[in-house]
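The lines below spell out each chain.
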Amino acid sequence: MKAKQWSGPLALTTATALSALCLSAMPAWAQSSVTITGAMDMGLLNMSNYSRGTGYLPTSAHDTTDTRAKDGGLGASNIGFKGVEDLGGGMKATFHLHGNLNLANGTAGGPNSSATTSFFNQMSTVGLSGSFGEIKLGRQFSPAAWAMMHTDVRGMRYFGSTLTALVSMNAASKSWIGNNSNVAFGTIYDDNTLVYTAPVWNNLKLDFAYSFGEGRGKGNSQQSVTALYTNGGLKLSALYYNGYGNNYGTAVALHTAAAGGNAAAGTRAAEAAGFSPTANTNRLYAAGALYSTGAWTVGGQYYAARNPSHVVMPGGSDSLDMLNFGLGWKPMPQLNLLAGYYYVRDNKNDGHKATQFVMGAEYLLSRRTWLYLQGAYVTNKGDNMAMSPMYATPVAADRNVRAYMAGVRHTF
């Protein structure tokens, strides 16, 4: 006996009912999205007294004035992926992957805290957000760096800003080569980090960060607390940053080189000199204010960089201060003019100091495409002072520097 086969409207109704039943048995999938973001920034840099030394270690060896193609006049070229999923009840799951690109030679990524290269060297995080605030884990742009950017009139641009002044403070320690992101004072990027951002309260945003020591407990761990206030045209920032063993890797590398490449001998020599991954070597305090009204913006910041262990390489410093002032003017919506003055003083070595004066003009061809022209003059006094007006481009110590750059930046 054959089973009866349904056809016509009844078959359609039955199929529809079965489909609805199957769908009702499945979980309700939340909506999610992924966004590709990035920037392409390239220009020509003309600068005097390029360093011929090793990374950011100050040296008098230098090249003459030269013009070079340079990635990142305002900020590094980069590409990233951001994702968010609505979990319901106001909670969201997030991820963020972001890494540098170098348009000059086509390479990608950058150094991490272990002195190796990471493709997503700027951001590689996963997190949750909701009414409780936001929690993110992974390698990330330091909350301390967001605080630096918040009140710097030049917004931590790669040419002449708080960023280049901070790099000079790290170079002056003589305890940072530049091949890793565990800098001597402060930080820009943090590996193995948990960041909690509290809900904004009365225009105040608080961030708390803890970087784990990569299996070494307190060694190489870092902590920070930052506060950002925004109310109309007024912005205020404050940060406290503390770290352990930030100069240990550089000390081992330099002592290893002095020992003819013998890593074991280099490690023993570095530790005999007092360097340790558990020593409290990195402490940075900062406060800043910025105010915008109409076409004008004015701001200033103060930084205190300290090494509580006082163990540094010969000729380096464990105590530096930085002060800056900036002025911005937008005579028309498409044109942005920015000027800044940055002063770094070595409290350990008398007379050692550096100053940087920078001016820049940025013209918006569209919301995403900028043309820029900028120039800077830097004075360096002392054999550990090597402030460069261009990020990732070291200059010779104890020499004045002139630099000019013109380029184009496109974001997407």
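A short tour of the structure in this document, coming up. None of these values were measured; they are calculated from a predicted model. (Residues numbered from 1 in each chain as written. Predicted model: local features only at pLDDT ≥ 70, side-chain atom pairs only at ≥ 80, totals over all residues. Heavy atoms only, no water.)

Now for the overall build of the protein chain. When you go through the protein chain residue by residue, the secondary structure sums to five helices and 19 strands. C-alpha atoms of the protein chain, sized along the principal axes, occupy 105 × 60 × 45 Å. Here the protein chain, with 412 residues, has 48% of them falling under the buried criterion. Here the analysis covers contacts within the protein chain between residues at least 6 apart in sequence; of these, 62% occur between residues at least 24 apart. Side chains of the protein chain carry 29 positive and 20 negative charges; the gap between the two charge centres is 5 Å. (Helix = DSSP H or I, 4+ residues; strand = E, 2+ residues; numbered from the N terminus. Buried < 20%, exposed > 50% of the residue type's maximum accessible area, 1.4 Å probe, protein only. Contact = heavy atoms within 4.5 Å. Lys, Arg positive; Asp, Glu negative; His and termini not counted. Charge placed at Lys NZ, Arg CZ, Asp CG, Glu CD.)

All right, on to the packing of helix α4 (residues 248-258) against helix α5 (residues 263-272) then. Running from amino to carboxyl end, α4 crosses α5 at an angle of 125°, the nearest separation of the two axes being 7 Å. The angle between the axes of α4 and α5 places the two elements in the oblique class. Remark: the crossing between α4 and α5 carries right-handed chirality. Across from Y248, A251, V252, H255 and T256 in α4, the residues of α5 making contact are A263, G266, T267, A269, A270 and E271. Here the residues of the contact of α4 with α5 sort into six nonpolar, four polar and one charged. (Axes fitted to C-alpha atoms, helices over the stretch in contact; angles between N-to-C directions. Parallel < 35°, antiparallel > 145°, perpendicular 65-115°, else oblique. Left-handed = near helix turned anticlockwise from the far one by under 90°. Nonpolar A, V, L, I, M, F, W, Y, C, P; charged D, E, K, R; others polar.)

Right, let's talk about a nonpolar patch on the surface for a bit. A cluster of nonpolar residues, V34, L87, M91, F95, V126, L128, F132, I135, L137, L194, Y210 and F212, forms a patch on the protein surface that exposes about 970 Å² of accessible area. Those elements that provide at least two residues to the nonpolar patch are β4 (91-101), β7 (123-130) and β8 (133-141). (Patch = residues over 30% accessible without salt bridge, like charges linked within 9 Å, V, L, I, M, F, W, Y side chains within 5 Å. Areas by Shrake-Rupley, 256 points an atom, 1.4 Å probe, with all protein chains shown as cover. Salt bridge = Lys/Arg side-chain N within 4 Å of Asp/Glu carboxyl O.)

It is worth spelling out the packing of aromatic side chains at this point. Applying the stated criterion across every chain, the model contains ten aromatic pairs. Note on Y56 and W176: the rings are 4.9 Å apart at their centroids and 10° apart in plane angle, and the pair reads as stacked. Placement of Y56 in the loop between β1 (32-47) and β2 (66-71) and of W176 in the loop between α3 (162-172) and β9 (189-197) is noted, with a sequence separation of 120 residues between them. Take Y56: its relative accessible area is 12%, and that puts it in the buried class. With 4.9 Å between their ring centres and 70° between their planes, Y210 and F212 make a pair best called edge-to-face. (Phe/Tyr/Trp six-rings, centres within 6.5 Å; stacked < 30°, edge-to-face > 60°.)

Turning next to α3. Burial of α3 is extensive: eleven of the eleven residues sit out of reach of the surface. Three or more residues of α3 are buried, namely T162, L163, T164, A165, L166, V167, S168, M169, N170, A171 and A172. With a side-chain oxygen lying 3.1 Å from the backbone nitrogen of L163, the N-terminal cap of α3 falls on S161. (Polar contact = N/O pair within 3.5 Å; in protein donor to acceptor, adjacent residues only side chain to side chain.)

Bringing unusual backbone geometry into the picture now. Only a minority of non-glycine residues have a phi that is not negative, and only a minority of peptide bonds are not trans. With a phi angle near 70°, N203 is a residue other than glycine that sits in the positive phi range. Of note, N203 is situated in the loop between β9 and β10 (204-211). Relative accessible area serves as the criterion here: at 36%, N203 is assigned to the partly exposed category. Even without glycine at this site, A392 takes up a positive phi of about 65°. Tracing the backbone shows A392 in the loop between β18 (369-381) and β19 (401-411).

Our next topic: the side chain of T197. With respect to the helices and strands, T197 occurs in strand β9. Residue classification places T197 among the buried positions, given a relative accessible area of 13%. At 2.4 Å, the side chain of T197 and the side chain of D207 are in polar contact. Dropping the residues within four chain positions of it, T197 is found in contact with F132, G133, E134, K205, L206 and D207.

Take the environment of H62 next. Counting through the fold element by element, H62 comes out in the loop between β1 and β2. For H62, a relative accessible area of 27% gives the class partly exposed. C-alpha of H62 to C-alpha of S48: the two residues are 14 residues apart in sequence and 8.7 Å apart in space. A distance of 3.0 Å separates a polar atom in the side chain of H62 from the backbone oxygen of S60.

With that out of the way, let us pick up the pattern of salt bridges. Counting across every chain of the model gives nine salt bridges. Where R68 meets D66, a salt bridge forms, and the shortest distance between an N and an O atom there is 3.1 Å. A relative accessible area of 32% places R68 in the partly exposed class. The closest approach of N and O atoms between E362 and R157, which form a salt bridge, is 2.7 Å. Placement of E362 in strand β17 (residues 353-364) and of R157 in the loop between α2 (143-150) and α3 is noted, with a sequence separation of 205 residues between them.

Attention now goes to the pairing of strand β13 (residues 280-293). Strand direction decides the pairing type here: strand β12 (residues 234-244) and β13, joined by eleven bridges, are antiparallel. Of the residues in β13, the one forming a bridge with N242 is R283. Once β13 ends, the chain turns through two residues before running back antiparallel as strand β14 (residues 296-306), passing G294 with a positive phi of about 60°. (Pairing = 2+ DSSP bridges.)

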